[in-house]
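Chain and residue survey
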Amino acid sequence: MTLPLAKPALLRNQCLIDGKWVGTPAGVVSNPANGAELSRVPEFGAKETEEAILAAERAFKPWAKKQAKERAAVLRRWFELIMANQEDLARIMTAEQGKPLAEARGEVAYAASFVEFYAEEAKRIYGETVPSPFPHSKIIVQKQAIGVCAAITPWNFPAAMITRKCAPGLAVGCTFVVKPAPDTPLTALALGLLAEEAGMPPGVLNIVTGDAVAIGKVMTEHPAVRLIGFTGSTGVGKLLMRQAASTVKKVALELGGNAPFIVFDDADLDAAVAGAVIAKFRNMGQTCVCTNRLFVQAGIHDRFVEAFAKAVAAMKVGPGDAEGVVQGPLINANALAKVERHVEDARARGARVITGGARHSLGGTFYTPTVLTGVNTEMALSQEETFGPVAAVYKFETEEEVLRLANSTPFGLAAYFYTKDLARAFRVADELESGMVGVNSAILGNEVAPFGGVKESGLGREGGRHGIEEFVELKYVLMGGLN
Ligand code: SIN
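Let me sum up the structure you'll find in this document.

This paragraph deals with the nonpolar core. Within soluble globular proteins, side chains that are nonpolar generally end up buried alongside one another. With 67 residues, the main nonpolar core has Trp78, Ile82, Leu170, Phe176 and Met200 as its most contacted residues. For Trp78, the contacting residues outside a window of four places in its chain are Val115, Thr163, Leu170, Leu191, Leu194, Ala195, Ala198, Met200 and Leu205. Counting 65 residues, the second-largest nonpolar core is a separate cluster that includes Ile300, Met315, Val402 and Tyr416.

The structure is reproduced here in structure tokens:
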């Protein structure tokens, strides 16, 4: 394995449980750009997951009882170490995930921003006092860490989805067992090493790799786990929710989307095209907030399609570490098969391929960035998230029509629209059934705002001061006899 790392120790092949690196390297982690083996990681199951949970349970009280300032200092050091190792982490991420190096560097900074933000917030977990209805008494409402948390994280953001879940929980005093996606465990393990170096006590952050079903079952059913956080498909989210019901755990779910991107006739065309390229093609279309449906009003439709297709066709495809590449490979063969199925189905039902529409000549899981027009709601890509580099363009006439179309899905994670009309901006933002709305903006995620969806796109919020609330329980204390 020949990754050029300044700190080779970041490339781990064991799991982190109770402050020890354990397990036999077994499951192959490969580079989606060329299929080469990068490393191997343990294939852990129920037994090791339980050990990690018990370690997190032992670590909980001492960690939660530390002064907020002490937890903040550890998180702050973790943030600094992540940024100091940004380049290495980005190289590991690009190698196992495929995203272009510039995007990987951006994700490392994005991941670090959650750690920095919650290091600051750790000192501001305020409670309240409530006027008591009883004489000589006071009501105090205090916030307490919920306990041991389990996090199941996805392959599309191998670093940021870990820190966005763990940093707020760690800040308030929770401890964690993390299961990264099997395609991308190396970034997670590298983050674990840096957490250890930052002074995170043994058992506070545990990372297990291996059998998703066995690990997920223990995480959702073990009575010591009080919260399960998951980013991934709605189908798996529902399963985890059902399993978590047996011990009435809190669930925090960031699930699938089917994001609309609406361009009104009065939009700034250049800004809308640039926004659509980002909202659709970031991470090769493999983000939960990537637009899945582009609705363009009739008066601007043809001009938009021409400029958009030109920009899409100009995107350089290749291995993520090659100069100038903005589109890497898809994560694996299943992802490629889904993209192909959607394009073939759309074509068979009358869609027009404006650019792309086929595998890329580089082979493997590379797919040519694609723009389709003449798309309708009967097509598979309208009902399901494509999660790939395919832009499906619909033509619409009126605001009422596009709102009906945009909202006609069980999902509601992100929505975007472009307009210069201020009244319309407020009206449409109010009407879209979505947890997040970008108005003349195509990137929603940041550390200060609450990220999350409505309807079948999830429960709870990650990021910002709201993200903390998932990890605390309110305890109401009635202080009597104060006469
Ligand atoms: C996701 O795709 O789940 C996360 C995207 C983001 O944080 O911007």
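Here the narrative resumes.
Attention now moves to the sheet that holds strand β19 (residues 436-439). Pairing is mixed across the open sheet formed by seven strands, whose spatial order is β14-β15-β16-β13-β12-β18-β19. Edge strands, defined here as strands with exactly one partner in the open sheet, are β14 (352-355) and β19. When the angles between neighbouring strand axes are averaged without regard to direction, this sheet yields 25 degrees. When β14 meets strand β15 (residues 370-373), the two strands line up antiparallel, connected through three bridges. The partner of Val353 across the bridge, within β15, is Leu372. Where helix α9 (residues 269-281) meets the sheet, it contacts β12 (259-263), β13 (291-297), β15, β16 (390-396) and β18 (414-418), and its direction lies at approximately 170 degrees from that of β12.

Moving on, we get to the sheet that holds strand β6 (residues 138-145). The sheet built from three strands is open, its strands ordered β5-β6-β22 with antiparallel pairing. A strand with exactly one partner marks an edge of an open sheet, and here the two such strands are β5 (128-130) and β22 (472-479). Strand-to-strand, the axes of this sheet are offset by a mean angle of 30 degrees, without reference to chain direction. Looking at chain direction, β6 and β22 are connected through eight bridges and run antiparallel. Bridge assignment links Gln142 to a residue of β22, and that residue is Lys475.

This part covers the packing of aromatic side chains. This model, assessed by the stated rule, comprises 11 aromatic pairs. With a centroid separation of 4.7 Å and 40 degrees between ring planes, the pair formed by Phe295 and Tyr394 is classed as tilted. Of this pair, Phe295 sits in strand β13 while Tyr394 sits in strand β16, and the two are 99 residues apart along the sequence. Taken as a pair, Phe295 and Tyr394 share a single burial class, namely buried. Among the aromatic side chains, those forming a connected cluster through ring pairs are Phe261, Tyr416 and Tyr418. We note Arg12 situated over the ring of Trp21; from NZ or CZ to the ring centre the distance is 4.3 Å. When the ring centre of Phe264 is taken as origin, the NZ or CZ atom of Arg424, which lies over that ring, is 4.1 Å away.

Here the focus is the site of the ligand. The environment of the ligand is formed by Tyr110, Asn156, Phe157, Met161, Arg164, Thr231, Glu254, Arg282, Thr287, Cys288, Val289 and Phe451. In this structure, Tyr110 approaches the ligand through a side-chain N or O atom, which is 2.7 Å from an oxygen atom. Here an oxygen atom of the ligand and a side-chain polar atom of Glu254 are 3.0 Å apart. Expressed as a share of its isolated accessible area of 250 Å², the protein-covered part of the ligand is 100%.

In this section: a nonpolar patch on the surface. Taken together, the side chains of Phe134, Tyr476 and Leu478 make up a nonpolar region of the molecular surface, amounting to roughly 320 Å² of accessible area. Here Tyr476 lies in strand β22. Residue classification places Tyr476 among the exposed positions, given a relative accessible area of 51%.

A few words on the packing of helix α3 (residues 86-97) against helix α4 (residues 101-121). For the pair α3 and α4, interaxial distance at closest approach is 8 Å and the crossing angle is 125 degrees. In this view, α3 runs oblique relative to α4, as classed from their interaxial angle. The two elements α3 and α4 cross, and the hand of that crossing is right-handed. Of the residues in α4, those in contact with Gln86, Glu87, Leu89, Ala90, Arg91, Met93 and Thr94 of α3 are Leu101, Ala104, Arg105, Glu107, Val108 and Ala109.

A separate point is unusual backbone geometry. The phi dihedral of Asn283 is positive, around 55 degrees, even though this residue is not glycine. Among the secondary structure elements, Asn283 is positioned in the loop between α9 and β13. A relative accessible area of 0% places Asn283 in the buried class. Even without glycine at this site, Asn440 takes up a positive phi of about 55 degrees. As for its placement among the helices and strands, Asn440 is situated in the loop between β19 and β20 (454-455).

Let's shift gears to the pattern of salt bridges. For the coordinates displayed, the defined rule picks out 24 salt bridges. The partner of Lys143 in a salt bridge is Glu469, with the nearest N and O atoms 3.0 Å apart. Pair noted here: Lys143 is in strand β6 and Glu469 is in helix α15 (residues 464-469), with a separation of 326 residues, a long-range link. For Lys143, a relative accessible area of 28% gives the class partly exposed.

Rules used in this analysis
Residues numbered from 1 in each chain as written. Predicted model: local features only at pLDDT ≥ 70, side-chain atom pairs only at ≥ 80, totals over all residues. Heavy atoms only, no water. Core = buried A, V, L, I, M, F, W, Y, C linked by side-chain atoms within 4.5 Å. Buried < 20%, exposed > 50% of the residue type's maximum accessible area, 1.4 Å probe, protein only. Contact = heavy atoms within 4.5 Å. Pairing = 2+ DSSP bridges. Helix = DSSP H or I, 4+ residues; strand = E, 2+ residues; numbered from the N terminus. Axes fitted to C-alpha atoms, helices over the stretch in contact; angles between N-to-C directions. Phe/Tyr/Trp six-rings, centres within 6.5 Å; stacked < 30°, edge-to-face > 60°. Lys NZ or Arg CZ within 6 Å of the ring centre and 35° of its normal. Near = heavy atom within 4 Å. Polar contact = N/O pair within 3.5 Å; in protein donor to acceptor, adjacent residues only side chain to side chain. Areas by Shrake-Rupley, 256 points an atom, 1.4 Å probe, with all protein chains shown as cover. Patch = residues over 30% accessible without salt bridge, like charges linked within 9 Å, V, L, I, M, F, W, Y side chains within 5 Å. Salt bridge = Lys/Arg side-chain N within 4 Å of Asp/Glu carboxyl O. Parallel < 35°, antiparallel > 145°, perpendicular 65-115°, else oblique. Left-handed = near helix turned anticlockwise from the far one by under 90°.

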